[in-house]
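Survey of secondary and tertiary structure
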Amino acid sequence: MKNDLLKNKKPEIRFLNEMQPVLYDQEWFKKIKKPEKFAVYYVYRGLKRKGDLRYDITIIPGKMFGKEFPKTKGHHHFKTPELIRVLEGKAFYFAQKGTGNSIKESYVVEAGKGDVVIIPTGYDHLTINAGKRKLVMANWISTKAKYDYSFFDRLQGACYYYTKNGWIKNKNYKKVPKLNFKKPLKGQVVKLVNTLTS
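Scope of this entry: the structure provided in the associated data block. None of the values given here were measured: they were computed from a predicted structure.

1. Notes on the nonpolar core
- If you look at the biggest cluster of nonpolar residues, it comprises 43 residues, and the most contacted ones within it are Leu 16, Met 19, Tyr 93, Phe 94 and Tyr 173.
- Dropping the residues within four chain positions of it, Tyr 173 is found in contact with Gln 96, Asn 101, Ile 103, Phe 151, Phe 152, Leu 155, Gly 157, Ala 158 and Cys 159.
- The next biggest cluster of nonpolar side chains, apart from the first, holds 10 residues, and it includes Leu 6, Tyr 44, Ile 57 and Trp 140.

Quick look at the structure:
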């Protein structure tokens, strides 16, 4: 990661109190005295632009949420895919698709430094820091992208949580399919992304 790209840039910070609706370990949350000052992750938006595409960098420290691994809040894009590259650390990119609390498909992509992942249009998705150190990732997305966080808020997160005990189903969902595991992208598309994000 080029540190000078972030120099003098102010990130958007997601704090723990904003994450409370999607956390697995609610008992742990109750013990945190000042969740409004507990920084969960940092997003630097618009560091580069190419046409109507925007380049962002997100940093997720390796702070556990009690029994759950650190993650982004999760959201849904309307008509907009997202291209992601891991710059440092280890990530799980979780995605699900369904209607209401009945999910038809759920999958995870495990990615490390240099790996590239695409989140297709129409999927609810989130990022999990699956390592002990900070996770740094970059993404390209349309400047016209709209974000909806309300779905995960209503159901206390995605249909699976990643915890110290592995993957656990979210009981607030009526139907949860088997979790599939996919690999990051390979080949020419990775070379292209590396050029764009280096």
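2. Quick word on the pairing of strand S3 (residues 53-60)
- The buried fraction of S3 is high, at seven of eight residues.
- Two strands pair when backbone bridges link them, and strand S2 (residues 39-50) and S3 are joined in this way by six bridges, in the antiparallel orientation. Looking at the pairing, Lys 50 lines up with Leu 53 of S3.
- What sits between the antiparallel neighbours S2 and S3 is a turn of two residues, in which Gly 51 has the positive phi angle 65°.
- Examined bridge by bridge, S3 and strand S10 (residues 135-142) share eight bridges and lie antiparallel to one another. Note that in S10 the partner of Ile 59 across the bridge is Val 136.

3. So, the environment of Gly 66
- Secondary-structure assignment places Gly 66 in the loop between S3 and strand S4 (75-77).
- On a C-alpha basis, the gap between Gly 66 and Val 109 in space is 23 Å, while along the polypeptide they are 43 residues apart.
- Ignoring any residue separated from it by four or fewer positions in sequence, one finds Gly 66 in contact with Asp 25, Trp 28 and Lys 164.

4. Concerning the packing of aromatic side chains
- Evaluation of the coordinates by the stated rule reveals 14 aromatic pairs.
- An angle of 45° between the planes, with centres 5.1 Å apart, marks the rings of Tyr 55 and Trp 140 as tilted. A residue pair is termed long-range when its members are at least 10 positions apart, and Tyr 55 in strand S3 and Trp 140 in strand S10 qualify at 85 residues. For the pair shown, Tyr 55 and Trp 140 are each scored as buried.
- Ring centres of Phe 151 and Tyr 173 lie 6.3 Å apart, and the angle between their planes is 70°; on these two criteria the pair is classed as edge-to-face. Of the two residues, Phe 151 is situated in helix H3 (residues 150-154) and Tyr 173 in the loop between strand S13 (166-169) and strand S14 (180-182); the sequence distance between them amounts to 22 residues.

The rules behind these values
Residues numbered from 1 in each chain as written. Predicted model: local features only at pLDDT ≥ 70, side-chain atom pairs only at ≥ 80, totals over all residues. Heavy atoms only, no water. Core = buried A, V, L, I, M, F, W, Y, C linked by side-chain atoms within 4.5 Å. Buried < 20%, exposed > 50% of the residue type's maximum accessible area, 1.4 Å probe, protein only. Contact = heavy atoms within 4.5 Å. Helix = DSSP H or I, 4+ residues; strand = E, 2+ residues; numbered from the N terminus. Pairing = 2+ DSSP bridges. Phe/Tyr/Trp six-rings, centres within 6.5 Å; stacked < 30°, edge-to-face > 60°.

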